[in-house]
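Analysis of the macromolecular model
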Amino acid sequence: MSTPAKRRLMRDFKRMQQDAPSGVSASPLPDNVMTWNAVIIGPSDTPFEDGTFKLILQFDEQYPNKPPTVKFISEMFHPNVYASGELCLDILQNRWSPTYDVSSILTSIQSLLNDPNISSPANVEAANLYKDHRSQYIKRVRETVENSWNDDDDDDEDEDEEDEE
Amino acid sequence: MKVEIVDWQAVASWHWDLKDDSITDELCGICRVAFDGTCPNCKYPGNECPLILGAGCQHNFHLHCILQWLEQDTSKGLCPMCRQVFEFRKDFNTVTKDINSLLMLIDGHKSMRDREVDEEFDSFDDDLRMND
């Protein structure tokens, strides 16, 4: 059944396919357009460089009037990401606007990586290291970057079968 | 030559009749469908779902798209594009039920904002009294 939310998500998908912002990719599950898998590549010249951080976006029928719930699946060490992977980002809460789409959500999260908001930390340890011991902070982030390359064992999304006739 | 019409199908295209034609080529920022297309809640285009033209700001939306956004308390009555208080041009031939709902929602958000300002002033007054 097609609903306004699903139709909008199909438009988001088309936009992701036609002009995806650099360093992010996302697609809905083949059997459920309300759940999306996404990957954000850590921006270059930041401690997150080359990380392949996976996320899951869960939409409901209120989209785009309500934001999706967004969660990192990959382990993160960032002042605004909770241990559960959920993130604290104003545009996903009280500053949401129905003009945002999957592409702009992921771009915002990508820029949050190297521009954390220290005033209301979700991960106090990460916030403290970021403020007072930057080299240790970078070391911890680099560990998560390395781990991000390993945690795609359980899904075979990169399995490119070339079955062309 | 004798031509016999066996079957025919009428095809029509339609277009919003606006003074500024460039608007209708744009997409609604909420549903991302062209203004000359229908909003995702409508099957057919027409006066049931007219374009709502921003009056304070210059942002335009399908009626049902902006209506559903302003139904959210979290919208605070603001334009989803620029976060200014949303107002619209009211030059409609017929004012439908949905246009009335939109007017009521905008009024509701306005009185909500006024109340918040009043409360702020009240607590400010209380602070002053305490300092006296």
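Heads up: these notes are all about the structure in this document.

Each value, and the rule that gives it
- Residues numbered from 1 in each chain as written.
- Chains lettered and ligands numbered in written order.
- Predicted model: local features only at pLDDT ≥ 70, side-chain atom pairs only at ≥ 80, totals over all residues.
- Heavy atoms only, no water.
- Disulfide = S-S within 2.5 Å.
- Buried < 20%, exposed > 50% of the residue type's maximum accessible area, 1.4 Å probe, protein only.
- Helix = DSSP H or I, 4+ residues; strand = E, 2+ residues; numbered from the N terminus.
- Contact = heavy atoms within 4.5 Å.
- Polar contact = N/O pair within 3.5 Å; in protein donor to acceptor, adjacent residues only side chain to side chain.
- Axes fitted to C-alpha atoms, helices over the stretch in contact; angles between N-to-C directions.
- Parallel < 35°, antiparallel > 145°, perpendicular 65-115°, else oblique.
- Nonpolar A, V, L, I, M, F, W, Y, C, P; charged D, E, K, R; others polar.
- Core = buried A, V, L, I, M, F, W, Y, C linked by side-chain atoms within 4.5 Å.
- Buried area = accessible area lost by both parts, 1.4 Å probe.
- Salt bridge = Lys/Arg side-chain N within 4 Å of Asp/Glu carboxyl O.
- Phe/Tyr/Trp six-rings, centres within 6.5 Å; stacked < 30°, edge-to-face > 60°.
- Lys NZ or Arg CZ within 6 Å of the ring centre and 35° of its normal.
- Patch = residues over 30% accessible without salt bridge, like charges linked within 9 Å, V, L, I, M, F, W, Y side chains within 5 Å.
- Areas by Shrake-Rupley, 256 points an atom, 1.4 Å probe, with all protein chains shown as cover.
- Lys, Arg positive; Asp, Glu negative; His and termini not counted.
- Charge placed at Lys NZ, Arg CZ, Asp CG, Glu CD.
- Expected span 1.5 Å × (residues − 1).
- Arc of directions from axis to C-beta.

**Focus: the state of the cysteines**
Residues and elements named next belong to chain B.
- Taken as a whole, this structure holds 0 disulfides over all chains when the rule is applied.
- Left without a disulfide partner, Cys31 is nearest to the cysteine sulfur of Cys65, which lies 3.8 Å away.
- Among the cysteines around Cys49, which has no disulfide bond, Cys39 carries the closest sulfur, lying 3.8 Å off.
- Owing to a relative accessible area of 5%, Cys49 belongs among the buried residues under this scheme.

**Details of the environment of Asn65 of chain A**
- Structurally, the position occupied by Asn65 of chain A is in the loop between strand 3 (52–58) and strand 4 (69–72).
- Taking the C-alpha atoms as reference points, Asn65 of chain A and Asp31 of chain A, 34 residues apart in sequence, are found 23 Å from one another.
- In this structure, Asn65 of chain A is in contact with Trp96 and Pro98 of chain A together with Cys65, Gln68, Trp69 and Gln72 of chain B, ignoring residues within four places of it in sequence.
- A polar side-chain atom of Asn65 of chain A sits 3.5 Å from the main-chain amide nitrogen of Trp69 of chain B.

**Some words on the packing of helix 3 (residues 124–132) of chain A against helix 4 (residues 134–150) of chain A**
All names here are of chain A.
- As a packed pair, helix 3 and helix 4 sit with axes 6 Å apart at the nearest point and diverge in direction by 130°. Of the possible angle classes, the one that applies to helix 3 and helix 4 is oblique. When helix 3 is examined against helix 4, the residues Glu125, Ala126, Leu129, Tyr130 and Asp132 are found in contact with a partner set consisting of Arg134, Gln136, Tyr137 and Arg140.
- In the contact of helix 3 with helix 4, the residues fall into 4 nonpolar, 1 polar and 4 charged.

**Topic: the nonpolar core**
- Within the largest apolar cluster, 67 residues are counted, with the highest numbers of intra-cluster contacts made by Trp36, Phe72, Leu106 and Ile109 of chain A together with Ile66, Phe86 and Leu102 of chain B.
- Sequence-distant contacts of Leu106 of chain A, defined by excluding residues within four places in its chain, comprise Met16, Val24, Ser25, Ala26, Ala38, Ile40, Leu55 and Leu57 of chain A.

**Let's talk about the interface of chain B and chain A**
- Tallying the contact residues gives 15 residues for chain B and 17 residues for chain A.
- Both faces considered, chain B and chain A share a buried interface measuring about 1400 Å² in area, 45% of it formed by carbon and sulfur atoms.
- Here chain B is connected to chain A by 0 salt bridges.
- Between the two partners, chain B and chain A, sit 10 residue pairs in polar contact (both at pLDDT 80 or more).
- Of the residues that constitute the side of chain B that touches chain A, the class distribution is 8 nonpolar, 4 polar and 3 charged.

**Examining the environment of Asp90 of chain A**
All names here are of chain A.
- By secondary structure assignment, the location of Asp90 is in the loop between strand 4 and helix 2 (102–113).
- Taking C-alpha positions, Asp90 is 13 Å from Ile118, a pair spaced 28 residues apart along the chain.
- Non-local contacts of Asp90, meaning those with residues more than four positions away in its chain, are made with Arg95 and Trp96.

**Some remarks on the packing of aromatic side chains**
All names here are of chain A.
- Evaluation of the coordinates by the stated rule reveals 11 aromatic pairs over all chains.
- Judged by centre distance (6.0 Å) and plane angle (75°), the rings of Phe48 and Phe53 are edge-to-face. Each member of the pair, Phe48 together with Phe53, is buried.
- A centroid spacing of 6.3 Å and a plane angle of 45° characterise the contact between Tyr63 and Trp96, whose relative ring orientation is tilted. Of this pair, Tyr63 sits in the loop between strand 3 and strand 4 while Trp96 sits in the loop between strand 4 and helix 2; the two residues are 33 residues apart in sequence, bridging distant segments of the chain. Comparing Tyr63 with Trp96 shows no difference in burial state: the two are buried.
- Chaining the aromatic ring pairs together yields one cluster made of Phe13, Trp36, Phe59, Tyr63, Trp96 and Tyr100.
- Here Arg134 stacks its cationic end above the ring of Tyr130, 3.8 Å away from the centre of that ring.

**What to know about a nonpolar patch on the surface**
- Together, Met1, Val3, Ile5 and Trp8 of chain B make up an exposed nonpolar region whose accessible area comes to about 640 Å².
- Assignment of secondary structure puts Met1 of chain B in the segment before strand 1 (51–53).

**Here's the deal with a negative patch on the surface**
- Together, Glu116, Asp118, Glu119, Glu120, Asp122, Asp125 and Asp127 of chain B make up a negatively charged patch on the protein surface.
- Relative to the helices and strands, Glu120 of chain B resides in helix 2 (residues 97–131).

**Some thoughts on helix 1 (residues 4–18) of chain A**
Residue and element names in this part refer to chain A.
- Here helix 1 contains 15 residues, and its C-alpha end-to-end distance of 21 Å stays within 8% of the 21 Å for a straight helix at 1.5 Å per residue.
- Those residues of helix 1 that sit buried are Ala5, Arg8, Leu9, Asp12, Phe13 and Met16. Taken around the axis of helix 1, the buried residues stretch over an arc of 150°, which confines them to a single face. Along helix 1, exposed side chains directed more than 90 degrees from the buried face belong to Gln17 and Gln18.

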